Structure formats: C-alpha cells, structure tokens
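Inside the fold
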Amino acid sequence: LVAKGYAQLYGFDYTETFAPTLHTQSLRLIFILSLTSPGHLIDQLDVKSAFLNAPLNEDVYMEIPDGVTAPSGHCIKLLRALYGIKQAPNAWNSDIDSTLRSLSFSVCEKEPCLYFLLVPPSHRIIIGLFVDDLIIVYHKSIENKWLSLKQQLLTKYQTTDLGRAQHVLGMRIIQNSSSLSLDQHTY
C-alpha cells in the first residue's frame, strides 16, 4: 500500500520532507576506524518497512484502498508514515534518531547519520545510518554491550540482522582480522 503523496499540500498535511543519509566519505571513515586496531568487527542491520515505524506529527488522510470495506464518505487517518507520503523519510529519520539517542548514542556534529557510543575504558560503538540500513563498528571486547543494544533495536523495530557486513551500497565488503577490502564484484 502506497499513499498518493503527490496530492499532499505543503503547510497543510506536511512541512518538512528532508531526511539526511550517511555520506560516502563517512562510510569510508567508518571502514578506516574499523582498521585502527585489530579486533574490530563490522555488522549490519536492515530495518524492515522502516517508514511504517514512524509516527506522524501532521494529520494525513487518505482514501479507503480497494478491497477495504468502509461506510461511504469515510477516509483513513494515518497514524504512522506510509510509503508515498512526502514526510515519510523525515519522520523515519526522526524516529530512529530518537531511538539511538535514547540508547545513549551521540550524533556527530558534522554528520547527522553517524552515531557513536563511548564504552569505557577506551572503546566505542559507531553506527552509520543509510535510511533503513545500519552499519555498525565495534571492538570484539565489547561485543556483549553491542549485543545488548542490538537486542533493544530488534525489540523496537522488525529488523533483519545481517551479521557481519558483506554488502553495502553495491559494494562487497571482505573483512578479516587485519584488513578490509571493497569491490563491486556484482557489477
């Protein structure tokens, strides 16, 4: 089901549509940080139907879809973002941002889709966000901390745990204990 977002009116049923995504330079930085010392791992999560998780701030109505019975003259009020509405990406980004912050992640001042959590004494968990894909870097010595945080994400969102990152943005990722290589083997 996709809404007819083209019929929305600015200032009436939407205002903000912009949603950031991780810059490719920041993705490269994440990969470089994973190589700073042996023992870093790169995992990946994919949130299913991400936009449907995001509550809406505006009143958005849509026609009753075919196959749904309802009294004549009625419509549906959306409580959550639906694919096709103009503010869906922005609503999803606000929701995942709020969730990551509630898990004590900080956001990078210059990169709004790069999150980090300092784990004493000297480690960090880094998350790069591409709309509904999360690339996570952490040191294996704090894997239990990451697993605890990951479980909270899996509880809040229906998510596919892809394990060790193998593909992102058309790139194949090959990781081992001391190196990382990227290629576009599928092309």
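See the structure printed just above.
Described in the following lines is the structure provided in the data block. (Residues numbered from 1 in each chain as written. Predicted model: local features only at pLDDT ≥ 70, side-chain atom pairs only at ≥ 80, totals over all residues. Heavy atoms only, no water.)

1. Focus on helix H1 (residues 24-34)
Those residues of H1 that fall on the buried side of the exposure criterion are Ser26, Leu27, Ile30, Phe31 and Ser34. One side of H1 carries all its buried residues, which in axial view fall inside an arc of 150°. (Buried < 20%, exposed > 50% of the residue type's maximum accessible area, 1.4 Å probe, protein only. Helix = DSSP H or I, 4+ residues; strand = E, 2+ residues; numbered from the N terminus. Arc of directions from axis to C-beta.)

2. Observations concerning the pattern of salt bridges
Under the criterion given, the structure shown has 6 salt bridges. When the shortest N-O distance is used, the salt bridge between Asp43 and Arg164 registers 2.4 Å. You can see Asp43 sitting in strand S1 (residues 40-47) and its partner Arg164 sitting in strand S8 (residues 159-164), a full 121 residues away along the chain. Residue class for Arg164 comes out partly exposed when judged on its relative accessible area of 35%. Here the residues in one salt-bridge network are Asp43, Glu143 and Arg164, joined through shared partners. (Salt bridge = Lys/Arg side-chain N within 4 Å of Asp/Glu carboxyl O.)

3. Let's talk about the sheet that holds strand S6 (residues 123-130)
Overall, antiparallel pairing links the 6 strands, which are arranged S4-S5-S6-S7-S1-S8 in an open sheet. Two strands in the sheet have a free side with no partner beyond their single neighbour: strand S4 (106-107) and S8. Pairing of strand S5 (residues 114-119) with S6, which is carried by 6 bridges, proceeds in the antiparallel orientation. The residue of S6 that forms the bridge with Leu114 is Gly128. Docked against the sheet, helix H2 (residues 88-102) engages S1, S4, S5 and S6, running at close to 170° with respect to S6. (Pairing = 2+ DSSP bridges. Contact = heavy atoms within 4.5 Å. Axes fitted to C-alpha atoms, helices over the stretch in contact; angles between N-to-C directions.)

4. Structural notes on the nonpolar core
Phe105, Ile125 and Trp146 are the most contacted members of the largest nonpolar core, which totals 51 residues. If near-sequence neighbours (up to four positions away) are discounted, Ile125 is found in contact with Phe105, Tyr115, Phe116, Leu117, Val119, Ile136, Val137, Tyr138, Ile142, Lys145, Trp146 and Leu149. (Core = buried A, V, L, I, M, F, W, Y, C linked by side-chain atoms within 4.5 Å.)

5. Points about the side chain of Asp43
Looking at Asp43, the relative accessible area reads 4%, which means it is buried. Side-chain polar atoms of Asp43 contact the side chain of Tyr138, separated by 2.8 Å. For Asp43, the side chain forms a polar contact with the side chain of Arg164, separated by 2.4 Å. Among all residues touching Asp43, those that are not within four sequence positions of it are Leu134, Ile135, Ile136, Tyr138, Trp146, Gly163, Arg164 and Ala165. (Polar contact = N/O pair within 3.5 Å; in protein donor to acceptor, adjacent residues only side chain to side chain.)

6. A short note on the pairing of strand S10 (residues 171-175)
Taken together, the 2 bridges between strand S9 (residues 167-168) and S10 define a ladder with antiparallel strand orientation. Within the sheet, the bridge partner assigned to His167 lies in S10 and is Arg172. Between the end of S9 and the start of S10, which pair antiparallel, lie 2 residues, with Leu169 showing a positive phi angle near 50°. With 4 bridges connecting them, S10 and strand S11 (residues 180-183) associate as antiparallel partners. When the sheet's bridge partners are listed, Ile173 is paired in S11 with Leu182.

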